[in-house]
Structure formats: structure tokens, C-alpha cells
Amino acid sequence: MNRIFALLLLFTVLLSCTDSNTMELYDKVQKPGEVNIKGFSKPDVLQLRLNGAPVSIEGKTSYTNKIETQLQFVLDQGENNKLSVYNNETGTEIAKYNITYDNINDFKNLYFFNLPGIYLQTYAVKPQVNLGKVGFEFIFSNLGEFSGTILKDVKGVLKRENGVVLAEFDNIGKDNFTAVKIYSFFSSTAPVYLELYKPGTTEPYSGSKMIQVKLKQHTGANMIVLQEKIENGEWVVKGDIDIAEYL
């Protein structure tokens, strides 16, 4: 009799555990995740990995130039999904994004632009500029890295050497290119100068010295990446990278 009771008790416990595990499986909170990726890389060949597994785009697991795809997967509450961007030739991780049940809306559209020595979390579209005109737009990828400013954007005033104002940019920030500003082309050799200020003022955005960036100009679109750099022990701002040359 005692053996029968013991077997019944063991069966009840096992059944209870099975039911509990089944309930946990079906009670897990989930929702669909979707990430639309638009990127560009040149000359580096990249690979995207989701939770360590290479992402296939049109049958390829490494890609260059225009990179576009849509990821669809299930998100479990409390779990972390890692999306990484790797240099496929060196194996170096260039960027990573931690995607969760709670922040998936922040990654609905993911943009990036990868060039030697610089990775922008933005998507660049070359603007249309009429023949005989010059168009400028800017992004300030590392604003504050060396200057220490906590500003999220700066004001830019584009001038000729003689001080004539060509265009003004109220908000040059880290995340997106400004709207294009267009003027008539006037010289194939004369540079132009971008002066940088605190928004809404004529004060340098950091320090007391005028912050002026010397730029080359050419007809058509000029999509300049501004960068704070250290030269001779002091920080300066350069605009040596023109995204338009790659598009």
C-alpha cells in the first residue's frame, strides 16, 4: 500500500513539474521585431551578425557599397539581442546594437555610413544641385570629443575669403546631415570658410578663439563631415571628408 502511495505521489510531482514548465513556455511574453537596415561601406567589406549568426543579404554574408535589408525576429521580454557590424576581412567589430523587447522601436530604422577611419550612424543621400551651383550640408560626428562641449549642435556660417556670407546653418549636429544650402559657384581654386558658434549667438561654441574650418568647394553637392582633432597639442576642427565623393 505504501509503495502504491509513493508511486502516486511521485507521479503527481512529475505531472506538476511538467505542467509548470509547459505554463512557463506558453506564458513567455513575446512580440515580433523588425529592423530596416540602410547602410553604405567603401572600400571595407562588412558583415552583419545577429546574436553571432551572419546575416545573409541576397545570398551573401559579406557586402560592400549599398547595404540594405530587413531583419524580422521574435523578441522575448528580458532577453537581449545583439546586432553587430564587423569588418569582414579583419574580424574587427565596428559597431554593436543591443536590441530588446523594450527598445525595439528605437531600431525600427537603422542607418550607417562606413568609411576608412569613420563610422557614421546616419544614412546619406546625395542632394540634387543644379549645374553651376554649389551645395553644402554638414554633420559633426564627434562634437565635444576634444573640446569638451556638451552642446548637441552648433551654428555654422559659411563665408568667402572676403567675409561675404554664402549660407548659414542653424543646427549642425551629430546624428543627421543638415538640409542643403545652395549658392552660385564663383571659383575653382578659392576656398570657403565655415565659422562655428553656439546656436543663436556669435560666440565660438567652445573657448574664446574663433573656430574656423577651411573647406574646398566644388560644383554640385558637398557633404562635409566635421571632426574635432588634436594638432600640435591643441584641438581643432577639420572638414576633410566629403561623403559626396563616395555616392
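This structure is a prediction, so every number in the text was calculated from the model and none was measured. (Residues numbered from 1 in each chain as written. Predicted model: local features only at pLDDT ≥ 70, side-chain atom pairs only at ≥ 80, totals over all residues. Heavy atoms only, no water.)

Quick look at the overall build of the protein
So, step 1. Check the secondary structure of the protein and you find 1 helix and 15 strands.
So, step 2. Going through the 247 residues of the protein one by one, you find that 42% of them count as buried.
So, step 3. In the protein, the share of contacts with a sequence separation of at least 24, taken over all contacts with a separation of at least 6, comes to 61%.
So, step 4. Working note: accessible area of the protein is about 14700 Å², and carbon and sulfur atoms make up 50% of it. (Helix = DSSP H or I, 4+ residues; strand = E, 2+ residues; numbered from the N terminus. Buried < 20%, exposed > 50% of the residue type's maximum accessible area, 1.4 Å probe, protein only. Contact = heavy atoms within 4.5 Å. Areas by Shrake-Rupley, 256 points an atom, 1.4 Å probe, with all protein chains shown as cover.)

Quick word on the sheet that holds strand β8 (residues 133–140)
So, step 1. Strand order in the open sheet made by the 4 strands is β11-β8-β14-β15, with mixed pairing throughout. Looking along the sheet, the strands with just one partner apiece sit at the ends: β11 (181–184) and β15 (234–242). Within this sheet the neighbouring strands show an average axis-to-axis angle of 30°, counted without direction.
So, step 2. The pairing of β8 with β11 spans 4 bridges and is antiparallel. Each bridged residue has a counterpart across the sheet, and for Phe136 the counterpart in β11 is Lys181. (Pairing = 2+ DSSP bridges. Axes fitted to C-alpha atoms, helices over the stretch in contact; angles between N-to-C directions.)

Side note on the sheet that holds strand β10 (residues 165–173)
So, step 1. Judged by pairing direction, the sheet is antiparallel, and its 4 strands sit side by side in the order β10-β9-β12-β13 without closing on themselves. Lying at the two open borders of the sheet, with one neighbouring strand each, are β10 and β13 (212–215). Mean inter-strand twist for the sheet, computed between neighbouring axes without regard to direction, equals 25°.

What about the confidence of the model for the protein?
So, step 1. Residue-level pLDDT values for the protein average 89, and 89% of them are 70 or greater.
So, step 2. Considering only residues more than four positions removed or in separate chains, one finds that residues 4–11, a stretch of pLDDT under 50, has 0 contacts. (pLDDT = per-residue confidence, 0-100.)

Observations concerning the packing of aromatic side chains
So, step 1. Under the defined criterion, the tally for this structure stands at 9 aromatic pairs.
So, step 2. Judged by centre distance (5.6 Å) and plane angle (10°), the rings of Phe136 and Phe138 are stacked.
So, step 3. Residue Phe136 is classed as buried on the basis of its relative accessible area of 0%.
So, step 4. Judged by relative accessible area, which is 0%, Phe138 ranks as buried.
So, step 5. Residues Tyr205 and Trp235 carry aromatic rings whose centres are separated by 5.8 Å and whose planes lie at 50° to one another, so their mutual orientation is tilted. Within this pair, whereas Tyr205 is found in the loop between β12 (192–197) and β13, its partner Trp235 is found in strand β15, the two being separated by 30 residues in sequence. (Phe/Tyr/Trp six-rings, centres within 6.5 Å; stacked < 30°, edge-to-face > 60°.)

Brief notes about the pattern of salt bridges
So, step 1. Summed over all chains, the structure comprises 6 salt bridges.
So, step 2. Notably, a salt bridge pairs Glu195 with Lys159, separated by 3.1 Å at the nearest N-O pair. Here Glu195 is found in strand β12, whereas its partner Lys159 is found in strand β9 (residues 153–159), with 36 residues between them in sequence. (Salt bridge = Lys/Arg side-chain N within 4 Å of Asp/Glu carboxyl O.)

Some words on unusual backbone geometry
So, step 1. In this model, Lys42 is joined to Pro43 through a cis peptide bond whose omega is 0°.
So, step 2. By secondary structure assignment, the location of Pro43 is in strand β1 (residues 30–50).
So, step 3. Positioned with a positive phi, Glu58 is a non-glycine residue whose angle comes to about 50°.
So, step 4. Structurally, Glu58 can be placed in the loop between β2 (53–54) and β3 (63–76).
So, step 5. Accessibility expressed as a relative area gives 80% for Glu58, which makes it exposed.

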